[in-house]
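Commentary on secondary and tertiary structure
Given next are the chains, with one letter for each unit.
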Amino acid sequence: MRDVIWFERPGPANTEDVLRVVRRRLEQGGISHVVIATTSGATGARFTEDLAKHQVERICVTHHVGFRGGDTDELVDASRDRILAAGGRLLTATHALSGVGRALSRVFGGTTPVEIIAQTLRLFGQGTKVCVEIAVMAADAGLVPTDRAILTVGGTGRGADTAIVMTPAHMNDFLDLRVHETLCRPIGEAESA
């Protein structure tokens, strides 16, 4: 049995503790891929650089272009450069748990099954939803295997506050995804994300 680290509040104040938890889990073995959610790239760069000494693939998943409107890419060029220089990979793609369904809900009202899945995962925290979502996105891009466990890092708003070990699945096999370990996550009230 492994201990779960519980944070009192969600958010970026937990990032360094999450990094320590991830390093400790990687030292136990059995993980060859780490997928990190990153918006500006700061969290992705921090994890990619720090985990370079571990023999793991490091994939940083960003918001899709236009997430905040217009044709804006929120990934900062300096962070992109740091991630790539440290040997990390970048994935910018449609969000697995919203996609076109979100546009339909905004225009026509109601909700889609995918939005219900996302909201259900948020019951365990925004970071948990993010961890699951980026695993599916990385699997669909061919950047992680779907036949063994990977480690994912997500957060609430900015930074990192959640780390999970799971076997990912492709979007069309979503119900085959399996969560094996929750390494850390917040227990406090969620910040708006």
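So, here is what we can say about the structure in this document. (Residues numbered from 1 in each chain as written. Predicted model: local features only at pLDDT ≥ 70, side-chain atom pairs only at ≥ 80, totals over all residues. Heavy atoms only, no water.)

Notes on the nonpolar core
One finds Val35, Ile59, Val61, Leu91, Val144 and Met166 to be the most contacted residues of the largest nonpolar core, which totals 26 residues. Here this core gets nine residues from one element, more than from any other, and that element is helix 6 (residues 126-140). In contact with Ile59, other than residues within four places in its own chain, are His33, Val34, Val35, Ile36, Arg89, Leu91, Leu143 and Val144. Membership of the second largest hydrophobic core comes to 23 residues, among which are Ile83, Leu151, Ala163 and Cys184. (Core = buried A, V, L, I, M, F, W, Y, C linked by side-chain atoms within 4.5 Å. Buried < 20%, exposed > 50% of the residue type's maximum accessible area, 1.4 Å probe, protein only. Helix = DSSP H or I, 4+ residues; strand = E, 2+ residues; numbered from the N terminus. Contact = heavy atoms within 4.5 Å.)

Observations regarding the packing of helix 5 (residues 113-122) against helix 6
Put simply, helix 5 and helix 6 touch, their axes get as near as 7 Å, and they point 130° apart. As summarised for this structure, helix 5 and helix 6 are arranged oblique, according to the angle between their axes. Between helix 5, through Ala118, Leu121 and Arg122, and helix 6, the contact on the second element is made entirely by Gln126, Thr128, Lys129 and Val132. Classifying every residue of the contact of helix 5 with helix 6 gives three nonpolar, two polar and two charged. (Axes fitted to C-alpha atoms, helices over the stretch in contact; angles between N-to-C directions. Parallel < 35°, antiparallel > 145°, perpendicular 65-115°, else oblique. Nonpolar A, V, L, I, M, F, W, Y, C, P; charged D, E, K, R; others polar.)

Description of a nonpolar patch on the surface
Nonpolar side chains collect at one region of the surface, where Val100, Leu104, Val107 and Phe108 lie side by side and expose about 470 Å² of accessible area between them. Secondary-structure assignment places Val107 in helix 4 (residues 99-108). (Patch = residues over 30% accessible without salt bridge, like charges linked within 9 Å, V, L, I, M, F, W, Y side chains within 5 Å. Areas by Shrake-Rupley, 256 points an atom, 1.4 Å probe, with all protein chains shown as cover. Salt bridge = Lys/Arg side-chain N within 4 Å of Asp/Glu carboxyl O.)

Description of the sheet that holds strand 1 (residues 5-7)
One open sheet accounts for seven strands, arranged 1-7-6-5-2-3-4; its pairing is mixed. Looking at which strands have only one partner, the edges of the open sheet turn out to be strand 1 and strand 4 (89-92). Shown here is a sheet whose adjacent strand axes are inclined to one another by a mean of 25°, direction ignored. Where strand 2 (residues 33-37) meets strand 3 (residues 57-62), five bridges bridge the pair, whose relative direction is parallel. Residue pairing in the sheet places His33 in a bridge with Glu57 of strand 3. (Pairing = 2+ DSSP bridges.)

Quick look at the pattern of salt bridges
For the structure shown, the criterion picks out nine salt bridges. Asp50 serves as the salt-bridge partner of Arg23, at 2.9 Å between the closest nitrogen and oxygen. On the criterion of sequence distance, the pair formed by Arg23 in helix 1 (residues 15-27) and Asp50 in helix 2 (residues 42-50) is long-range, its members being 27 residues apart. Of the charged contacts in the structure, one is a salt bridge between Asp50 and Arg46, with a shortest N-O distance of 3.6 Å. Taken together, the residues Asp50 and Arg46, both in helix 2 and four residues apart, mark about one turn of the helix. Taking relative accessible area as the criterion, Asp50 reaches 13% and is therefore assigned buried. Here the residues in one salt-bridge network are Glu16, Arg23, Arg46 and Asp50, joined through shared partners.

Comments concerning the packing of helix 1 against helix 2
The geometry of helix 1 relative to helix 2 is characterised by a closest axis approach of 11 Å and an angle of 35° between their N-to-C directions. As helix 1 packs across helix 2, the resulting crossing turns out to be right-handed. Between helix 1 and helix 2, the residues in contact are Thr15, Glu16, Val18, Leu19, Val22 and Arg23 and Arg46, Phe47 and Asp50, respectively. In terms of residue class, the contact of helix 1 with helix 2 is built from four nonpolar, one polar and four charged. (Left-handed = near helix turned anticlockwise from the far one by under 90°.)

Points about the environment of Gly70
Among the secondary structure elements, Gly70 is positioned in the loop between strand 3 and helix 3 (77-85). Accessibility expressed as a relative area gives 62% for Gly70, which makes it exposed. Taking the C-alpha atoms as reference, Gly70 lies 16 Å from Thr39; in sequence the two are 31 residues apart.

Quick word on the pairing of strand 3
Counting buried positions along strand 3 yields five of six residues, so the element is predominantly enclosed. Running through helix 2, the crossover from strand 2 to the neighbouring parallel element strand 3 is right-handed. (Right-handed = clockwise from strand over helix to strand, strands pointing away.)

Quick look at helix 1
In an α-helix, one turn spans 3.6 residues, which is why side chains three or four residues apart end up on the same side. Here helix 1 is 13 residues long and its end C-alpha atoms lie 19 Å apart, about the 18 Å a rise of 1.5 Å per residue gives. Three or more residues of helix 1 are buried, namely Thr15, Val18, Leu19, Val21, Val22, Arg25 and Leu26. One side of helix 1 carries all its buried residues, which in axial view fall inside an arc of 165°. Two residues or fewer past helix 1, Gly29 is found with a positive phi of approximately 90°. (Expected span 1.5 Å × (residues − 1). Arc of directions from axis to C-beta.)

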